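Listed here are the chains, written in short residue letters.
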Amino acid sequence: MKPITALSVASEVYPLIKTGGLADVTGALPGALAAHQVTLLTLIPGYPAVLKAIDKAEPVHHFADLLGGPARLLAARKGELQLLVLDAPHLYDRPGNPYIGPDGNDWPDNAQRFAALARVGAELGQGLLPGFVPELIHAHDWQAGLTAAYLRYSDRPGPATVFTVHNLAFQGQFPHELLPVLGLPPNSFTMDGVEYYGAIGFLKAGLQLSDRITTVSPSYALEIQAQDAGMGLDGLLRQRSHHLSGILNGIDEAVWDPATDTRIPAPYSTRKLHARALNKAALREHFGLRSETDRLVLGVISRLSWQKGLDMLLETIPVLLSEGIQLALLGTGDAELETAFRQVAQSHPGQIGVAIGYDENLAHLIQAGADALLVPSRFEPCGLTQLCALRYGTVPVVARVGGLSDSIIDANEMALAAGVATGVQFAPVTADRLAAALVRAHALYCDRPVWKTLQRNGMRADVSWRRPAEHYAQLYRALLNARNPHVAM
Ligand code: ADP
Ligand code: GLC
C-alpha cells in the first residue's frame, strides 16, 4: 500500500474546540486513518482556545494580508493530532463560540473568516509548504466549502478533493457582493460554481466542486437526494449521486470507554453491568431525582434545536409522568426550549431533572448512569450520542431517520428472537409515536432479562472508527487512482 499524505480542513477539532459532533469526527479520523497508511494533518482556525491548547507551535508561513490582516500558519501538535493552525487575529481572536458573537448573532464577517480557512487549505494543496504537499484535501461542512472553489478557479494544479457534509441545514450563504473580497473570480459565480440562489453558497460550492462528496451515514446520503430532506440542494445531490456516498461515523473508543472512564464514579464492563447502579445513583443525585429503585431513567444529551425534536419530548411529558419514567436532560441551544425545559423541571422535581449548559463530564455520567438515551431527531445525519450509548449499555430510543436508523437495531419481535436488537426506533417522527416508543421502551425495561440482552448487544456492537476509517481510506485511494491511473495506490 502506497502511503497517502492528506489535509483535513475543518472549523472544529476535538479536543481543541468543539460545538458538536463535527469536532468528534475530525478529531478521531486522523488517528484511525494512520492504520491505513494515511497521514492526515488538520488545518484549523487559531481561535483563542486552540492557541491555548496546542503544544509547541512553530511558525511555518507568514501572510502579509489574508483577507484584511496579517496572519501566520503554525505547525503544532495536540497529542497524536498533527495540526496547522491559522493564526489570524483579525479573524479569530475573539472570545466564545467559533461562529456566534456575544449578541447571539453570527459573527458579521463569517464569510471572510471561513473563506480564509478554505483559501489557506487550497494553497497548502498547491504546495505552500514544500515539506508538506497533500495529495488530497478532505474538507468538512460549509466552513471549509470554498476550498474546492479556490482550487477549481486557480490555474495551478491541485490535489484531489473530498467534501464531507455533516449537516445540510447549515449552508453558509453570503451576499454576492463579497465575491471580490473573498478573492473569487467573476466566472465562479455560476450555477455550476459558487452561485446559490443569487448568493455565494459555501456549502453549495463544496458539494458542487469537490471530486467526491460524503455524508455521515448511508441513509442520510439517500435522504438528502429527496426534496423533503434536501434543503434546496437535492437537485444538485441527485446530479452528483455517482460521487456521493454515506459513511457512518464511529466514536473515539479511548474517550468513550465505560471500563476506563475516569469521569464516572464506577467504571464497568459487560460482565460488571451491576456497577451501573452506582452511576445511576450518582446521576440521580446530580439531577435531584428520587431514588425509587425500579424507575427507568431516560437520558438526553443534545443541542436544543428543531433538528433534535426535543419540543416533541415536551409534548410527551404527561406520558413520561404516567409511566413513572424519570428524565435527566443535558442540553443547550434555543432559548425557548431552554426555558421550557427549566420550567418542566421546576414543576416536577424528583422526576424531571434538567441541566442547561455544555458539560462533558455530565455527558459521561448520563451515558453511564441512565437506563435509556433518547434521540428523537427530525433529521440526523449520523448522531453520535446513540453510538456512545450503545457502548455504555444505555439503550437508545431513537427516531428512525438518517444515521439513527443505520446504527440502532429496533427491538421488534424478529430482532428480539434473533438476539440482535439494540434499541427502540420510532417513525414517523411525531410526538404520538415518540410517546408510544417511550411506553414500549418502558415495557422492555420491565422485562429485565430482555433489557440486559439489549444492553449487552449494544455494548458488543462495533461503534469504533475501524470500519469507517477503512471506507475513507478506500475512497481516498479510489479517487487518487481515478485521477492518476498510472500510479497504483
Ligand atoms: P450534533 O453534532 O448534531 O450536535 P452529534 O450527536 O453528532 O450531534 O454530536 C453531539 C456531540 O456533542 C456528542 O459528542 C455529545 O456528547 C456532545 N454534546 C451535545 N450536547 C452536549 C452538552 N450539552 N454537553 C456536553 N456534550 C454535549
Ligand atoms: C452533525 C450532525 C450529526 C453528526 C455530526 C458528526 O453535527 O448533526 O448528526 O453526527 O455532524 O458527523
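Peer 1: Sorry if this is basic, but what is going on with the site of ligand 1 here?
Peer 2: As a matter of local geometry, ligand 1 sits amid 17 residues, with Gly21, Asp24, Arg303, Lys308 and Leu384 nearest to it. Between Asp24 and ligand 1, the recorded distance is 2.8 Å, taken from a side-chain N or O atom to an oxygen atom. Between a nitrogen atom of ligand 1 and a main-chain N or O atom of Gly357, the distance comes to 2.8 Å. If ligand 1 stood free it would expose 560 Å²; the protein chains cover 92% of that surface. Those elements that provide at least two residues to the shell around ligand 1 are helix H1 (21-34), strand E13 (297-304) and strand E14 (326-333). Its residues placed into classes, the shell around ligand 1 shows 4 nonpolar, 7 polar and 6 charged.

Peer 1: How should the site of ligand 2 be read in this particular structure?
Peer 2: Around ligand 2 sit 14 residues in total, of which His166, Asn249, Glu380, Cys382 and Gly383 are the nearest. The separation between an oxygen atom of ligand 2 and a polar side-chain atom of Gln307 is 3.3 Å. Here an oxygen atom of ligand 2 sits 2.8 Å away from a polar atom, N or O, in the main chain of Gly383. For ligand 2, the protein covers 92% of the area, taking 310 Å² as the surface of the free molecule. Broken down by element, the shell around ligand 2 gets its largest block of residues, 3 residues, from H1.

Peer 1: Before we go on, may I ask you to explain the sheet that holds strand E2 (residues 38-45) in this structure?
Peer 2: Hydrogen bonds between backbone atoms are what pair the strands of a sheet, whose relative direction is either parallel or antiparallel. Ordered by their spatial adjacency, 9 strands build an open sheet running E3-E4-E5-E2-E1-E6-E7-E11-E12, and the pairing between neighbours is mixed. Either end of the sheet is taken by a strand with one partner, and the two such strands are strand E3 (55-63) and strand E12 (244-246). Sheet twist, expressed as the mean angle between neighbouring strand axes with direction ignored, is 25°. In the sheet, strand E1 (residues 4-9) pairs with strand E6 (residues 136-140) via 4 bridges, with the strands oriented parallel. Considered in E6, the bridge of Leu7 is made with Ile137. Contacts between helix H4 (residues 110-125) and the sheet are confined to E1, E2, E3, strand E4 (71-78), strand E5 (81-87) and E6, with E2 contributing the most and set at about 150° to the helix. Contacts from helix H20 (residues 466-483) reach E1, E2, E6, strand E7 (160-165), strand E11 (212-215) and E12 within the one sheet, and its direction differs from that of E7 by about 145°.

Peer 1: For this particular structure, what's the right way to read the side chain of Asp234?
Peer 2: Its location among the elements puts Asp234 in helix H9 (residues 234-239). A relative accessible area of 9% means that Asp234 is categorised as buried. Not counting residues within four places of it along the chain, the set of residues in contact with Asp234 comprises Ile224, Gln225, Ala226 and Gln227.

Peer 1: Help me understand helix H19 (residues 448-460) in this model?
Peer 2: For H19, spanning 13 residues, the distance from its first C-alpha to its last is 18 Å, which sits close to the expected 18 Å at 1.5 Å a residue. Inspection of H19 places Trp451, Leu454, Gln455, Asn457, Gly458 and Met459 among the buried residues, and these make up the whole buried set. Here the buried face of H19 lies against helix H10 (276-287), strand E16 (372-375), helix H15 (385-392), strand E17 (395-399), helix H17 (413-418) and helix H18 (431-446).

Peer 1: Would you explain the layout of surface pockets in this entry?
Peer 2: By rolling a water-sized probe across the atoms, one finds the places where empty space is left. Volume-wise, the second largest pocket comes out at about 430 Å³. Residue assignment for the lining of the second largest pocket shows that the elements contributing at least two residues are H10 and H19. Classifying every residue of the lining of the second largest pocket by side-chain character gives 5 nonpolar, 5 polar and 8 charged.

Peer 1: I keep staring at the sheet that holds strand E8 (residues 173-174) and nothing clicks. Help me out?
Peer 2: The 3 strands lie next to each other as E8-E10-E9, forming an open sheet whose pairing is antiparallel. The two strands at the open ends of the sheet, each matched to only one other strand, are E8 and strand E9 (195-196). Here E8 runs beside strand E10 (residues 199-201); their pairing, made up of 2 bridges, is antiparallel. Considered in E10, the bridge of Phe174 is made with Ile200. Helix H6 (residues 202-209) contacts E8, E9 and E10 of the sheet and is inclined by roughly 55° relative to E10.

Criteria and thresholds
Residues numbered from 1 in each chain as written. Chains lettered and ligands numbered in written order. Predicted model: local features only at pLDDT ≥ 70, side-chain atom pairs only at ≥ 80, totals over all residues. Heavy atoms only, no water. Near = heavy atom within 4 Å. Polar contact = N/O pair within 3.5 Å; in protein donor to acceptor, adjacent residues only side chain to side chain. Areas by Shrake-Rupley, 256 points an atom, 1.4 Å probe, with all protein chains shown as cover. Helix = DSSP H or I, 4+ residues; strand = E, 2+ residues; numbered from the N terminus. Nonpolar A, V, L, I, M, F, W, Y, C, P; charged D, E, K, R; others polar. Pairing = 2+ DSSP bridges. Axes fitted to C-alpha atoms, helices over the stretch in contact; angles between N-to-C directions. Contact = heavy atoms within 4.5 Å. Buried < 20%, exposed > 50% of the residue type's maximum accessible area, 1.4 Å probe, protein only. Expected span 1.5 Å × (residues − 1). 1 Å grid on protein atoms, 1.4 Å probe; cavity = no way out; pocket = protein on both sides within 12 Å on 5 of 7 lines; lining within 4 Å. Points joined across faces, edges and corners; volume = space filled by probe spheres on them.

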